[in-house]
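# Commentary on secondary and tertiary structure
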Amino acid sequence: MQKNMPQQLPQHKAFMLSDFGVRLRRIVSPQAGNEPVPYTHQDEYYIVGLLEKGMGCGVIDFKECSFSQGEIFLVQPGQAHRFVSSKDAEGWILFADSSFVGREEKNIFDNFLLFASAVKIGGRRMEELKQIAGISLQRGISLSVRCLNECVRMS
């Protein structure tokens, strides 16, 4: 008799994002062709989201998490996660290979996850991040993970 073996979750690799391991994506609901992944999976890269408007719900490490306007959320490499729903969500998602994240920033991210799945940022910080993201996307320049870390650290 064969024992039930645990199923392995699908793994998403950084090279699937871009040739450089960094991708910035604008979230506009609804957006055909850029829908979030609806099934539970793991990524080998960091995901940092900034929700400008609306609400979203996901599952991270099998815990339901809700995100609202003005929040930044984080999914670390190896965390099981999936998209559940959104209502009028708009914002930005930064995908970054773990090689772009330094040891100090990884420690900050580890501590962040001990206390919250998301953090609320102030209006000024939100406007700064929106401007940086908009310029980066417009010019095709990758947004620096370090810049995002600094903004989170200062809020």
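Reading the values: rules and limits
Residues numbered from 1 in each chain as written. Predicted model: local features only at pLDDT ≥ 70, side-chain atom pairs only at ≥ 80, totals over all residues. Heavy atoms only, no water. Helix = DSSP H or I, 4+ residues; strand = E, 2+ residues; numbered from the N terminus. Buried < 20%, exposed > 50% of the residue type's maximum accessible area, 1.4 Å probe, protein only. Salt bridge = Lys/Arg side-chain N within 4 Å of Asp/Glu carboxyl O. Phe/Tyr/Trp six-rings, centres within 6.5 Å; stacked < 30°, edge-to-face > 60°. Contact = heavy atoms within 4.5 Å. Pairing = 2+ DSSP bridges. Polar contact = N/O pair within 3.5 Å; in protein donor to acceptor, adjacent residues only side chain to side chain.

Negative phi characterises most residues that are not glycine, and trans characterises most peptide bonds. Positive phi, close to 65°, is recorded for Phe62, a residue that is not glycine. Within the secondary structure, Phe62 sits in the loop between β4 (45-60) and β5 (63-68). A relative accessible area of 64% places Phe62 in the exposed class.

Glancing now at the pattern of salt bridges. Scanning the model with the defined rule gives 7 salt bridges in all. Its salt-bridge partner being Glu90, residue Lys53 comes within 3.9 Å of it at the nearest N-O pair. In this pair, Lys53 sits in strand β4 while Glu90 sits in strand β7 (residues 81-97), placing the two residues 37 residues apart along the sequence. Three or more residues joined by partner-sharing salt bridges are found here, namely Arg26, Glu52, Lys53, Glu90, Glu127 and Lys130.

Our next topic: the packing of aromatic side chains. For the coordinates displayed, the defined rule picks out 3 aromatic pairs. Their ring planes at 80° and their centres at 6.0 Å tell us that Tyr45 and Phe95 sit as a pair that is edge-to-face. Taken together, the positions of Tyr45 in strand β4 and Phe95 in strand β7 put the pair 50 residues apart, joining distant regions of the chain. There is no split in this pair, since Tyr45 and Phe95 are both buried. Ring geometry for Tyr46 against Phe109: centres 5.4 Å apart, planes inclined by 50°, an arrangement best described as tilted. Taken as a pair, Tyr46 in strand β4 and Phe109 in helix α1 (residues 103-115) lie far apart in primary sequence, 63 residues in all.

For Leu137, the location among the structural elements is in helix α2 (residues 123-139). Distance in space between the C-alpha atoms of Leu137 and Arg25 is 7.8 Å, their sequence separation being 112 residues. With near-sequence residues (within four places) excluded, Leu137 lies in contact with Leu24, Arg26 and Trp92.

As paired strands, strand β2 (residues 22-28) and β7 are joined by 7 bridges and run antiparallel to one another. Across the sheet, the residue bridging to Ile27 is Gly91, located in β7.

Within the fold, Gln76 resides in the loop between β6 (71-75) and β7. Of the residues examined, Gln76 reaches a relative accessible area of 10% and is grouped as buried. A distance of 3.3 Å separates a polar atom in the side chain of Gln76 from the backbone oxygen of Phe109. A polar contact of 3.2 Å, which involves the side chain of Gln76, links it to the side chain of Asp110. Setting aside chain neighbours within four positions, we find Gln76 in contact with Tyr45, Tyr46, Phe109, Asp110 and Leu113.

Read these as geometric descriptors, not functional statements.
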